[in-house]
Amino acid sequence: ERIFERVKRRAGWILEQQRYFSSFEPNRVSYLYKSGETHYYLGRQYRLKIVEGAGEKVLYRRNFLHVETMDKSPENVKQLLHAWYRARAQVKFAEYAAPLVERFKKYDVTPNNITVQQMEYRWGSCTAKGNILLNPMLIKAPIACIEYVIIHELCHLVHRNHTKAFYALQSREMPDWEKWKERLERFAW
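Residues numbered from 1 in each chain as written. Predicted model: local features only at pLDDT ≥ 70, side-chain atom pairs only at ≥ 80, totals over all residues. Heavy atoms only, no water.

Chemist: Any chance you could break down the overall build of the protein for me, citing the residues and the numbers?
Modeler: The number of helices and strands found in the protein is 6 helices and 7 strands. N-terminal to C-terminal, the α/β element order of the protein is α-α-β-β-β-β-α-β-β-β-α-α-α. Dimensions along the principal axes, computed over C-alpha positions, put the protein at roughly 65 × 45 × 30 Å. The buried share of the protein, reckoned over its 189 residues, is 40%. Long-range contacts, defined here as pairs at least 24 residues apart, represent 50% of the contacts in the protein between residues at least 6 apart. Carbon and sulfur atoms form 51% of the exposed surface of the protein, whose accessible area is close to 11,200 Å². (Helix = DSSP H or I, 4+ residues; strand = E, 2+ residues; numbered from the N terminus. Buried < 20%, exposed > 50% of the residue type's maximum accessible area, 1.4 Å probe, protein only. Contact = heavy atoms within 4.5 Å. Areas by Shrake-Rupley, 256 points an atom, 1.4 Å probe, with all protein chains shown as cover.)

Chemist: Go over a positive patch on the surface with me, naming the residues and quoting the values.
Modeler: On the surface, a cluster of positive charge is made up of Arg2, Arg6, Arg9 and Arg10. Relative to the assigned elements, arginine 10 resides in the loop between helix H1 (2-9) and helix H2 (11-22). Accessibility expressed as a relative area gives 44% for arginine 10, which makes it partly exposed. (Patch = residues over 30% accessible without salt bridge, like charges linked within 9 Å, V, L, I, M, F, W, Y side chains within 5 Å. Salt bridge = Lys/Arg side-chain N within 4 Å of Asp/Glu carboxyl O. Lys, Arg positive; Asp, Glu negative; His and termini not counted. Charge placed at Lys NZ, Arg CZ, Asp CG, Glu CD.)

Chemist: Describe the sheet that holds strand S1 (residues 38-41), listing the residues and the values that go with them.
Modeler: Read from one edge to the other, the open sheet built from 4 strands follows the order S1-S2-S4-S3, with strand pairing classed as mixed. Looking at which strands have only one partner, the edges of the open sheet turn out to be S1 and strand S3 (57-61). Across the sheet, the mean angle from the axis of one strand to that of its neighbour is 35°, orientation sign disregarded. One ladder, built from 6 bridges, connects strand S2 (residues 44-52) with strand S4 (residues 64-69); its direction is parallel. Residue pairing in the sheet places lysine 49 in a bridge with histidine 66 of S4. Helix H3 (residues 74-104) rests against S1, S2, S3 and S4 of the sheet, and its axis sits at about 120° to S4. (Pairing = 2+ DSSP bridges. Axes fitted to C-alpha atoms, helices over the stretch in contact; angles between N-to-C directions.)

Chemist: Lay out the packing of aromatic side chains in plain terms, naming residues and giving numbers.
Modeler: Under the definition given, this model contains 11 aromatic pairs. When the centroid spacing of 6.4 Å and the interplanar angle of 55° are considered together, the rings of tyrosine 41 and tyrosine 46 count as tilted. With a relative accessible area of 4%, tyrosine 46 lands in the buried category. Between phenylalanine 104 and tyrosine 107, the aromatic rings sit 5.4 Å apart at their centres with planes inclined by 55°, giving tilted as the arrangement. Judged by its relative accessible area of 22%, tyrosine 107 falls in the partly exposed class. The rings of Tyr41, Tyr46, Tyr60, Trp84 and Tyr85 are connected pair by pair, giving a single aromatic cluster. Directly above the aromatic system of phenylalanine 64 lies the positively charged group of lysine 49, at a separation of 5.7 Å from the ring centroid. (Phe/Tyr/Trp six-rings, centres within 6.5 Å; stacked < 30°, edge-to-face > 60°. Lys NZ or Arg CZ within 6 Å of the ring centre and 35° of its normal.)

Chemist: I'd love a proper account of the packing of H3 against helix H4 (residues 143-158), names of residues and values included.
Modeler: When two helices pack together, you describe them by how their axes are tilted relative to each other and by the distance separating the axes. The interhelical angle for the contact between H3 and H4, taken along N-to-C directions, is 40°, at an axis separation of 10 Å. By the criterion of interaxial angle, the relationship of H3 to H4 is oblique. Considering how the two elements wind past one another, H3 and H4 form a crossing that is right-handed. When H3 is examined against H4, the residues Phe93, Tyr96, Ala97, Leu100, Val101, Arg103 and Phe104 are found in contact with a partner set consisting of Ile143, Ile146, Glu147, Ile150, Ile151, Leu154, Cys155 and Val158. Here the residues of the contact of H3 with H4 sort into 13 nonpolar, no polar and 2 charged. (Parallel < 35°, antiparallel > 145°, perpendicular 65-115°, else oblique. Left-handed = near helix turned anticlockwise from the far one by under 90°. Nonpolar A, V, L, I, M, F, W, Y, C, P; charged D, E, K, R; others polar.)

Right, dumping it as structure tokens:
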């Protein structure tokens, strides 16, 4: 009964926290994985073009993501495209993170590693052991959005919780972070 009363008294705060954390959940789009469909890479739209070929590869040229495969089924195209996104994320996230990690050394923090990991409801995460996890689908977002997520997680190495000090640090390191957070929240993948 005491627990119920306490929860009831804090219901407004609990709901506010739930709304806040749900704002970090990525928006989803239902893809058919058919030629002509629009997909994103680094914030730019690309038309999907599926062509029959001996190899199993994905290339981006001009305004197209070319998927070459013998098996043009939506499930196979999806697997190829997701593998390509993951591979590109590993390369690009390391590239974008390097100068930011260097910048955060002034706070005496360095992540143990930055890993690409599929997450259902988050763009990024920072573990208690100092590992930064980034959703490979973040590679679809604009570069500034990717940098925002990396900076956000680096700030967690200094301040574990979302305190005033955390937001002050985030604002110091990326003054326009709110603009990119909002853009990322509206971004559908």
